[in-house]
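These are the residues of each chain, in order.
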Amino acid sequence: MTYMKRIAVIASGRGSNFQAVVDRVSDGYIPGTCVRLITDNPNAYAIERARNAGIPVSVVDFSSFPGKKEYEGALLATMEESGADLFILAGYMRILGQEIVHRYSGRMMNIHPALLPSFSGLHAQRQALDYGAKVAGCTVHFVDEGMDTGPIIIQRCVPVRADDDEERLSTRILQEEHGALPEAVKLFCEDRLMIDGRTVCVLPP
Ligand code: GRF
C-alpha cells in the first residue's frame, strides 16, 4: 500500500478551511490522513468540527504561557509529536517564529484571502475593497520567514462587484478558498509540488 501523507491543521477560529480539507480527505479527493487539529484558542469553533470528524485536537492555549517563546516551544513539541508530514495554517492568527518556519520549510502551507503579493496581513478583503481592486481572490502558499510571502502554490480569483461590502466579498473569496486549499493539499500529498526558488512547479500525475 502506498504511504498516505499525514496532515495537521493549525487554526485559531471558525475552521471552515479545516472543514474543507477534512471533507475532501473523507471523500477520497485528498490521498492523505488528517491526524490532528492544533489550535491556540480553546474556544475555536474548529475544535467542534474536529470532534465531529473524530480528529484528535491539541489545544496549545497562548494565554496559558508566560510569553511567546514558551508558547512556541510547546507548539513545536505538539507539531513534532503529531508526526505530520504537512502542516496547514488555516486561519491561524499569529505570526510563527523562525524556528518553526525553518523546521517545516517546504511542508507548511498557508491560505490567505487575497491575491498575493497584494494585500498581505490582516483584513485582506477590506484592503482590496478600499484600494478599489476589480479582482480579488485567495492564495495558497508555502510558508517562509516573511508574512504571506512564501512561494505560491495556487491562486483563484473572483470579481469585485460594485455593491460589495467586506462581508459579501469575503464570502465569495471563501468559497474559492474551500476549493483551492484542498487542491494544494492534494498536490502535496501526491508529491507533485516542487519548489524552485520562488516558483512552485506542479508535476504531472
Ligand atoms: C480565511 O479567510 C483564511 O484565508 C484566513 O483566515 C480565514 C480563516 O477562515 N487566513 P476559516 O477559519 O478557515 O473559516
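Heads up: the structure comes first, above all this text.
**As for the overall build of the chain**
On a plain count of helices and strands, the chain comes out with six helices and nine strands. Its C-alpha atoms give the chain a radius of gyration of 16 Å, within 12% of the compact-globule value 17 Å for 205 residues. In terms of its C-alpha atoms, the chain occupies a principal-axis envelope of roughly 45 × 45 × 35 Å. The buried share of the chain, reckoned over its 205 residues, is 49%. Summed over all atoms, the accessible surface of the chain reaches about 10,100 Å², with 52% contributed by carbon and sulfur. Charged side chains of the chain number 21 positive and 26 negative; the gap between the two group centres comes to 2 Å.

**Some points on the site of the ligand**
As a structural note, the neighbourhood of the ligand is formed by Arg14, Gly15, Ser16, Asn17, Gly91, Ile111, His112, Pro113 and Glu177. Ser16 has a polar side-chain atom sitting 2.5 Å from an oxygen atom of the ligand. Contacts to the ligand include Glu177, whose side-chain N or O atom sits 2.6 Å from an oxygen atom. The cavity where the ligand resides is the largest pocket. Looking at the shell around the ligand, the elements that each hand over two or more residues are helix H1 (16-26) and strand S5 (108-112).

**Description of the pattern of salt bridges**
One pass over the structure, following the stated rule, counts 14 salt bridges. We note a salt bridge from Asp40 to Arg94, for which the minimum N-O separation is 2.7 Å. Residue Asp40 is found in the loop between strand S2 (32-39) and helix H2 (45-53), and its partner Arg94 is found in the loop between strand S4 (86-89) and helix H4 (98-103); the two are separated by 54 residues along the sequence. Classification of Asp40 by relative accessible area gives buried; the value is 6%. A residue is classified by how much of its surface remains accessible, and Arg94, at 32% relative accessible area, is partly exposed. Of the charged contacts, one joins Glu190 and Arg192 as a salt bridge, the two residues approaching to 2.8 Å between their closest N and O atoms.

**A word on helix H6 (residues 166-189)**
In this model, H6 (24 residues) spans 33 Å end to end at C-alpha, consistent with the 34 Å of a helix rising 1.5 Å per residue. A positive backbone phi angle near 60° is found at Asp191, which sits one or two residues after H6.

**A look at the nonpolar core**
In a soluble, globular protein the nonpolar side chains are often hidden away together inside. Of all hydrophobic cores here, the largest spans 39 residues; its most connected members are Phe18, Ile88, Met109, Ile153 and Val185. If you tally residues by element for this core, the top one is H6, at nine residues. Core analysis: the next-biggest nonpolar cluster, separate from the first, contains 19 residues, Ala8, Ala84, Leu96 and Tyr104 among them.

**Overview of unusual backbone geometry**
The omega torsion of the bond from Leu116 to Pro117 falls at 15°, within 30 degrees of zero and hence cis. Along the chain, Pro117 falls in the loop between S5 and helix H5 (124-131). Although it is not a glycine, His123 adopts a positive phi angle of roughly 50°. Inspection of the secondary structure puts His123 in the loop between S5 and H5. Taking the relative accessible area as the measure of exposure, His123 reaches 42% and is therefore partly exposed. Even without glycine at this site, Asp191 takes up a positive phi of about 60°. Assignment of secondary structure puts Asp191 in the loop between H6 and strand S8 (193-196). On the basis of relative accessibility, which here comes to 54%, the residue Asp191 falls in the exposed class.

Calculation rules
Here the residue numbering is sequential within each chain, running from 1 through the sequence in written order. A pLDDT threshold of at least 70 governs which residues receive local features in this predicted model, and a stricter bar of 80 or more applies before side-chain atom pairs are shown or counted, although totals over entire chains, interfaces and linings include all residues. Side-chain figures throughout are based on the complete set of non-hydrogen atoms in the structure, without hydrogens or water. Counting from the N terminus, the helices are DSSP H or I runs at least four residues long and the strands are E runs at least two residues long. C-alpha atoms define the radius of gyration, and 2.2 Å times the number of residues to the power 0.38 defines the globule rule. Three labels apply to residues, based on accessible area from a 1.4 Å probe with only protein chains included: buried if under 20% of the type maximum, exposed if over 50%, partly exposed otherwise in between. To measure how exposed things are, a 1.4 Å probe is used in the Shrake-Rupley method; for residues, cover is taken only from the protein chains shown. Only four residue types enter the charge count: Lys and Arg as positive, Asp and Glu as negative, with His and the chain ends excluded. Throughout, a charge is located at the NZ atom of Lys, the CZ atom of Arg, the CG atom of Asp or the CD atom of Glu. The nearness test applies per residue and asks whether one of its heavy atoms lies within 4 Å of the molecule or strand. N or O atoms within 3.5 Å of each other form a polar contact, as long as, within protein, one can give a hydrogen and the other can take it, and as long as residues adjacent in sequence are counted only when both atoms are side-chain atoms. A pocket, in this scheme, is an open set of points on a 1 Å grid over the protein atoms alone with protein on both sides within 12 Å along at least 5 of 7 lines, while a cavity is a set where a 1.4 Å probe fits but cannot get out; residues line either one if an atom lies within 4 Å of a point. Cavity and pocket membership follows a simple rule, namely that a molecule belongs there if more than half of its atoms are within 2 Å of the grid points. We define a salt bridge as a contact between a side-chain nitrogen of Lys or Arg and a carboxyl oxygen of Asp or Glu at a distance within 4 Å. Expected span of a helix, by definition, is 1.5 Å for each gap between consecutive residues, and there is one gap fewer than residues. We call a set of buried residues a nonpolar core when its members are Ala, Val, Leu, Ile, Met, Phe, Trp, Tyr or Cys and they connect through side-chain atoms within 4.5 Å of each other.

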